[in-house]
Amino acid sequence: LRQQIAGGTYVRLSAGPAMDSTKCKLKFVVEPHRHGCAGPPRDFLLALVDTITENMGGYVCVDRGHRHSTGCSEVAVWLSSRHKGAETIQMSSGGDEQLPP
């Protein structure tokens, strides 16, 4: 996504609570056939993507992408806390999630 934005491709971003109110949903729509994005809008989108990327460490992230027959693509990302109440989900060295008892 960052490369697409930096290259001037038209990208829209929306963010807000997901249907599950414990999660946040980010939705990126990439529209390569629309007039490109340059100048301040591009710079602002790049800053948003960088901020989001830098702050992902404390969240569980699930994504889904879809390409429409029109050539537009959607990327949806759901973020939820790694914390479950007072307990924390931890990753084992093998990469498998270890859920609290």
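Scroll up to find the structure this text is about.
The notes below deal with the structure included here. Throughout this document, residue positions are counted from 1 along each chain, in the order its sequence is written. In keeping with the model being predicted, local features are shown solely for residues with a pLDDT of at least 70 and side-chain atom pairs are shown and tallied solely at 80 or more, while totals for entire chains, interfaces and linings include all residues. Side-chain calculation: all heavy atoms of the structure are included, whereas hydrogens and water are not.

1. Here we look at the pairing of strand β3 (residues 59-67)
This is how it is decided: One requirement defines pairing of two strands: DSSP has to find at least two bridges between them. Each helix is a run of DSSP H or I of at least 4 residues and each strand a run of E of at least 2, with the numbering of both proceeding from the N terminus.
Relative to strand β4 (residues 73-81), β3 runs antiparallel, the two sharing nine bridges. Bridging from a neighbouring strand, D63 pairs with V77 of β4.

2. Considering the side chain of E31
The condition is simple: We call two residues in contact whenever any of their non-hydrogen atoms come within 4.5 Å of each other.
Its place among the elements puts E31 in strand β2 (residues 23-31). Once residues lying within four places of it in the same chain are set aside, the contact partners of E31 are T9, Y10, R12 and C72.

3. A word on the pattern of salt bridges
How we decide: Salt bridge, as applied in this entry: a Lys or Arg side-chain nitrogen positioned within 4 Å of an Asp or Glu carboxyl oxygen. Burial status follows relative accessibility: with a 1.4 Å probe on protein chains alone, a residue under 20% of its type maximum counts as buried, one over 50% as exposed, and anything between as partly exposed.
Summed over the entire model, instances satisfying the criterion amount to six salt bridges. In this structure, the salt-bridge partner of E31 is R34, at a minimum N-O distance of 3.7 Å. Overall, the relative accessible area of 44% leaves R34 in the partly exposed class.

4. Details of the nonpolar core
Let me state the cut-off plainly: Grouping buried Ala, Val, Leu, Ile, Met, Phe, Trp, Tyr and Cys residues that are joined through side-chain atoms within 4.5 Å yields what is termed a nonpolar core.
Grouped together as the largest cluster of nonpolar side chains are 11 residues: I5, V11, L26, F28, V30, C37, L45, L46, V49, V77 and L79. Contributions of two or more residues to this core are made by β2, α2 (39-54) and β4. Once you skip the residues sitting within four places of it in the chain, V30 turns out to touch L1, Q4, T9, Y10, V11, G71, C72 and S73.

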